[in-house]
Amino acid sequence: MIRTVVLDIGETLTRDDRYWAAWADWLGSPRHTLSALVGAVVVDGRDNADALRLLRPGLDVTAEYAARESAGRGEQLDESDLYEDVRPALAAVRAAGVRVVVAGNQSPKAGRLLRSLDLPADVVAVSGDWGVSKPAAAFFERVLEVSGAPATETLYVGDHPANDIHPARAAGLRTAHLRRGPWGHWWADDSEVRAAADWSIDSLHDLVGIVNA
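These remarks concern the structure in this document. This is a predicted model, so every value here is computed, not measured.

Details of unusual backbone geometry
Phase 1: A cis amide bond links lysine 134 to the next residue, proline 135, at an omega of 10°.
Phase 2: Tracing the backbone through its elements, the reader meets proline 135 in the loop between helix H7 (127-130) and helix H8 (137-147).

Overview of the sheet that holds strand E5 (residues 174-178)
Phase 1: Here six strands make up an open sheet; going across it, the order is E3-E2-E1-E4-E5-E6 and the pairing parallel. Each having just a single partner strand, strand E3 (123-126) and strand E6 (199-201) make up the two edges of the open sheet. Here the average twist between neighbouring strands, direction ignored, is 20°.
Phase 2: Where E5 lies against E6, three bridges are found, and the strand directions are parallel. Bridged to leucine 178 within E6 is isoleucine 201.
Phase 3: Along the sheet, H8 contacts strand E1 (4-7), strand E2 (99-104), E3 and strand E4 (154-158); its crossing angle with E2, the most-contacted strand, is approximately 155°.

Let's talk about the nonpolar core
Phase 1: Core analysis: the largest hydrophobic core is formed by 31 residues, its most contacted members being Val5, Leu7, Val157, Leu204 and Leu207.
Phase 2: Those elements that place two or more of their residues in this core are E1, helix H5 (86-95), E2, helix H6 (108-115), E3, E4, E5 and helix H12 (206-212).
Phase 3: With four residues, H5 is the largest single contributor of residues to this core.
Phase 4: Of all hydrophobic cores here, the second largest spans 17 residues; its members include Trp23, Val42, Leu52 and Leu59.

Digging into the pattern of salt bridges
Phase 1: Under the criterion given, the structure shown has 20 salt bridges.
Phase 2: In this structure, arginine 174 engages aspartate 198 in a salt bridge whose closest nitrogen and oxygen atoms are separated by 3.5 Å. Within this pair, whereas arginine 174 is found in strand E5, its partner aspartate 198 is found in the loop between helix H11 (191-196) and E6, the two being separated by 24 residues in sequence.
Phase 3: The partly exposed category is assigned to arginine 174, whose relative accessible area is 26%.
Phase 4: In this structure aspartate 198 comes out as partly exposed when scored by relative accessible area, which is 32%.
Phase 5: One salt bridge connects arginine 179 with aspartate 202, and the closest N-O pair in it is separated by 3.3 Å. Of this pair, arginine 179 sits in the loop between E5 and helix H10 (181-186) while aspartate 202 sits in the loop between E6 and H12, and the two are 23 residues apart along the sequence.
Phase 6: Arginine 179 sits in the partly exposed class, given a relative accessible area of 26%.
Phase 7: Among the charged side chains, a salt-bridge network with shared partners connects Asp44, Arg46, Asp50 and Arg53.

Rules behind the numbers
Residues numbered from 1 in each chain as written. Predicted model: local features only at pLDDT ≥ 70, side-chain atom pairs only at ≥ 80, totals over all residues. Heavy atoms only, no water. Helix = DSSP H or I, 4+ residues; strand = E, 2+ residues; numbered from the N terminus. Pairing = 2+ DSSP bridges. Axes fitted to C-alpha atoms, helices over the stretch in contact; angles between N-to-C directions. Contact = heavy atoms within 4.5 Å. Core = buried A, V, L, I, M, F, W, Y, C linked by side-chain atoms within 4.5 Å. Buried < 20%, exposed > 50% of the residue type's maximum accessible area, 1.4 Å probe, protein only. Salt bridge = Lys/Arg side-chain N within 4 Å of Asp/Glu carboxyl O.

Right, dumping it as C-alpha coordinates:
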(Lines give C-alpha, C1' and ligand atoms only; values in the text may rest on other atoms or scores of the structure.)
Protein backbone atom coordinates (compact mmCIF):
# COMPACT_ATOMS: atom_id res chain seq x y z
CA MET A 1 0.00 0.00 0.00
CA ILE A 2 1.34 3.43 -0.96
CA ARG A 3 0.12 6.27 1.26
CA THR A 4 2.50 9.00 0.05
CA VAL A 5 4.09 9.69 -3.33
CA VAL A 6 7.20 11.89 -3.29
CA LEU A 7 8.49 13.29 -6.57
CA ASP A 8 11.84 14.61 -7.70
CA ILE A 9 11.73 17.92 -9.59
CA GLY A 10 14.20 18.31 -12.48
CA GLU A 11 13.32 16.02 -15.40
CA THR A 12 10.54 14.48 -13.31
CA LEU A 13 8.20 17.46 -13.03
CA THR A 14 10.10 20.09 -15.01
CA ARG A 15 12.05 20.12 -18.25
CA ASP A 16 15.68 21.20 -17.89
CA ASP A 17 15.83 22.82 -21.34
CA ARG A 18 15.68 26.39 -20.05
CA TYR A 19 18.09 25.61 -17.20
CA TRP A 20 20.91 24.37 -19.44
CA ALA A 21 20.27 26.92 -22.19
CA ALA A 22 20.59 29.75 -19.66
CA TRP A 23 23.88 28.36 -18.39
CA ALA A 24 25.25 28.03 -21.92
CA ASP A 25 24.28 31.60 -22.74
CA TRP A 26 25.83 32.90 -19.52
CA LEU A 27 29.11 31.08 -20.12
CA GLY A 28 29.23 32.16 -23.76
CA SER A 29 28.95 28.63 -25.14
CA PRO A 30 26.86 27.28 -27.99
CA ARG A 31 23.89 25.54 -26.43
CA HIS A 32 24.52 22.30 -28.31
CA THR A 33 28.05 22.15 -26.84
CA LEU A 34 26.80 22.21 -23.27
CA SER A 35 24.00 19.81 -24.17
CA ALA A 36 26.59 17.34 -25.49
CA LEU A 37 28.63 17.69 -22.30
CA VAL A 38 25.53 16.99 -20.23
CA GLY A 39 25.16 13.80 -22.25
CA ALA A 40 28.75 12.87 -21.48
CA VAL A 41 28.32 13.18 -17.72
CA VAL A 42 25.06 11.22 -17.93
CA VAL A 43 26.82 8.30 -19.60
CA ASP A 44 29.60 8.44 -17.01
CA GLY A 45 27.12 8.60 -14.14
CA ARG A 46 28.65 11.84 -12.89
CA ASP A 47 27.11 14.85 -11.19
CA ASN A 48 25.29 17.08 -13.68
CA ALA A 49 27.28 20.16 -12.56
CA ASP A 50 30.37 18.44 -13.99
CA ALA A 51 29.07 19.44 -17.43
CA LEU A 52 29.67 23.06 -16.46
CA ARG A 53 33.12 22.26 -15.12
CA LEU A 54 34.03 20.47 -18.34
CA LEU A 55 32.99 23.59 -20.24
CA ARG A 56 34.86 25.91 -17.87
CA PRO A 57 37.54 24.01 -15.86
CA GLY A 58 37.82 25.23 -12.29
CA LEU A 59 34.41 26.91 -12.40
CA ASP A 60 32.96 27.77 -8.99
CA VAL A 61 29.33 26.89 -9.75
CA THR A 62 27.96 28.46 -6.56
CA ALA A 63 29.75 31.77 -7.17
CA GLU A 64 28.72 31.78 -10.82
CA TYR A 65 25.10 31.13 -9.86
CA ALA A 66 25.21 34.16 -7.55
CA ALA A 67 26.74 36.28 -10.32
CA ARG A 68 23.93 35.31 -12.68
CA GLU A 69 21.33 36.29 -10.11
CA SER A 70 23.04 39.63 -9.47
CA ALA A 71 23.08 40.33 -13.20
CA GLY A 72 19.36 39.64 -13.49
CA ARG A 73 19.99 36.49 -15.50
CA GLY A 74 19.21 33.94 -12.81
CA GLU A 75 17.07 30.84 -13.00
CA GLN A 76 13.44 31.03 -14.07
CA LEU A 77 10.63 28.55 -13.81
CA ASP A 78 7.00 28.84 -14.89
CA GLU A 79 4.10 26.77 -16.20
CA SER A 80 5.82 26.23 -19.55
CA ASP A 81 8.60 24.27 -17.83
CA LEU A 82 6.22 21.59 -16.51
CA TYR A 83 5.77 18.30 -18.33
CA GLU A 84 2.23 17.87 -19.65
CA ASP A 85 1.34 14.97 -17.35
CA VAL A 86 2.29 16.73 -14.10
CA ARG A 87 -0.97 18.43 -13.14
CA PRO A 88 -3.40 15.70 -14.19
CA ALA A 89 -1.31 12.86 -12.76
CA LEU A 90 -0.68 14.53 -9.40
CA ALA A 91 -4.33 15.50 -9.16
CA ALA A 92 -5.38 11.90 -9.85
CA VAL A 93 -2.99 10.57 -7.21
CA ARG A 94 -4.43 12.96 -4.63
CA ALA A 95 -7.96 12.04 -5.68
CA ALA A 96 -7.05 8.44 -4.81
CA GLY A 97 -6.48 9.59 -1.22
CA VAL A 98 -2.67 9.58 -1.46
CA ARG A 99 -0.51 12.39 -0.10
CA VAL A 100 1.67 14.11 -2.73
CA VAL A 101 5.04 15.61 -1.82
CA VAL A 102 7.50 17.33 -4.15
CA ALA A 103 11.10 17.17 -2.91
CA GLY A 104 14.26 17.61 -4.97
CA ASN A 105 17.66 19.23 -5.32
CA GLN A 106 16.82 22.83 -6.08
CA SER A 107 17.74 26.31 -4.88
CA PRO A 108 15.49 28.27 -2.50
CA LYS A 109 14.53 30.50 -5.45
CA ALA A 110 13.46 27.50 -7.51
CA GLY A 111 11.44 26.33 -4.54
CA ARG A 112 9.61 29.66 -4.35
CA LEU A 113 8.94 29.63 -8.09
CA LEU A 114 7.65 26.08 -7.94
CA ARG A 115 5.35 26.80 -5.01
CA SER A 116 3.95 29.81 -6.89
CA LEU A 117 2.63 27.40 -9.55
CA ASP A 118 0.15 25.98 -7.01
CA LEU A 119 0.67 22.36 -8.00
CA PRO A 120 -1.72 19.67 -6.76
CA ALA A 121 0.71 18.73 -3.98
CA ASP A 122 0.53 18.77 -0.19
CA VAL A 123 4.16 19.81 0.30
CA VAL A 124 6.81 21.37 -1.97
CA ALA A 125 10.31 21.20 -0.47
CA VAL A 126 13.79 21.78 -1.87
CA SER A 127 17.30 20.95 -0.76
CA GLY A 128 18.23 24.63 -0.66
CA ASP A 129 15.73 25.17 2.15
CA TRP A 130 16.61 21.96 3.97
CA GLY A 131 20.37 22.51 3.85
CA VAL A 132 20.98 18.97 2.64
CA SER A 133 20.98 17.53 -0.88
CA LYS A 134 20.47 14.17 -2.51
CA PRO A 135 21.92 11.60 -2.42
CA ALA A 136 22.68 12.21 1.28
CA ALA A 137 20.79 9.94 3.66
CA ALA A 138 19.78 13.03 5.65
CA PHE A 139 17.79 14.28 2.66
CA PHE A 140 15.65 11.16 2.70
CA GLU A 141 15.24 11.46 6.46
CA ARG A 142 13.68 14.85 5.77
CA VAL A 143 11.54 13.28 3.05
CA LEU A 144 10.14 10.82 5.58
CA GLU A 145 9.47 13.64 8.05
CA VAL A 146 7.15 15.35 5.54
CA SER A 147 5.79 12.11 4.09
CA GLY A 148 3.53 11.36 7.02
CA ALA A 149 3.84 7.65 6.23
CA PRO A 150 6.35 4.88 6.99
CA ALA A 151 9.17 4.35 4.49
CA THR A 152 7.57 1.13 3.23
CA GLU A 153 4.41 3.08 2.35
CA THR A 154 6.24 6.03 0.76
CA LEU A 155 7.08 5.95 -2.94
CA TYR A 156 9.93 8.11 -4.27
CA VAL A 157 9.74 8.89 -7.99
CA GLY A 158 12.71 10.16 -9.98
CA ASP A 159 14.80 9.92 -13.13
CA HIS A 160 18.32 9.86 -11.64
CA PRO A 161 19.61 6.50 -10.37
CA ALA A 162 22.41 7.87 -8.16
CA ASN A 163 20.40 10.75 -6.70
CA ASP A 164 16.94 9.22 -6.57
CA ILE A 165 16.55 5.47 -6.88
CA HIS A 166 19.55 4.00 -5.06
CA PRO A 167 19.57 6.35 -2.03
CA ALA A 168 15.78 6.21 -1.67
CA ARG A 169 15.90 2.43 -1.67
CA ALA A 170 18.74 2.50 0.87
CA ALA A 171 16.51 4.63 3.09
CA GLY A 172 13.82 1.96 2.93
CA LEU A 173 11.44 3.80 0.58
CA ARG A 174 9.68 2.22 -2.37
CA THR A 175 11.00 3.54 -5.67
CA ALA A 176 9.81 4.26 -9.21
CA HIS A 177 12.34 5.07 -11.93
CA LEU A 178 10.97 7.41 -14.58
CA ARG A 179 12.16 7.08 -18.17
CA ARG A 180 12.37 10.83 -18.76
CA GLY A 181 15.20 13.22 -19.53
CA PRO A 182 18.82 12.20 -20.25
CA TRP A 183 19.37 10.26 -17.01
CA GLY A 184 15.99 8.56 -17.14
CA HIS A 185 16.39 7.35 -20.71
CA TRP A 186 20.05 6.34 -20.56
CA TRP A 187 19.75 4.34 -17.33
CA ALA A 188 16.22 2.99 -17.79
CA ASP A 189 17.29 -0.52 -18.80
CA ASP A 190 20.39 -0.79 -16.63
CA SER A 191 20.16 -4.04 -14.66
CA GLU A 192 21.13 -2.46 -11.33
CA VAL A 193 18.59 0.34 -11.75
CA ARG A 194 15.89 -2.16 -12.68
CA ALA A 195 16.73 -4.21 -9.60
CA ALA A 196 16.68 -1.17 -7.30
CA ALA A 197 13.38 0.20 -8.62
CA ASP A 198 10.11 -1.34 -7.50
CA TRP A 199 8.55 0.09 -10.64
CA SER A 200 9.88 1.39 -13.95
CA ILE A 201 7.50 3.92 -15.48
CA ASP A 202 7.24 5.94 -18.69
CA SER A 203 4.82 8.61 -17.48
CA LEU A 204 3.56 10.09 -14.23
CA HIS A 205 0.14 8.78 -15.25
CA ASP A 206 1.49 5.31 -14.42
CA LEU A 207 1.48 6.32 -10.74
CA VAL A 208 -2.30 6.21 -10.66
CA GLY A 209 -2.32 2.49 -11.32
CA ILE A 210 0.40 1.93 -8.71
CA VAL A 211 -1.41 3.72 -5.89
CA ASN A 212 -4.74 2.12 -6.78
CA ALA A 213 -3.32 -1.42 -6.94
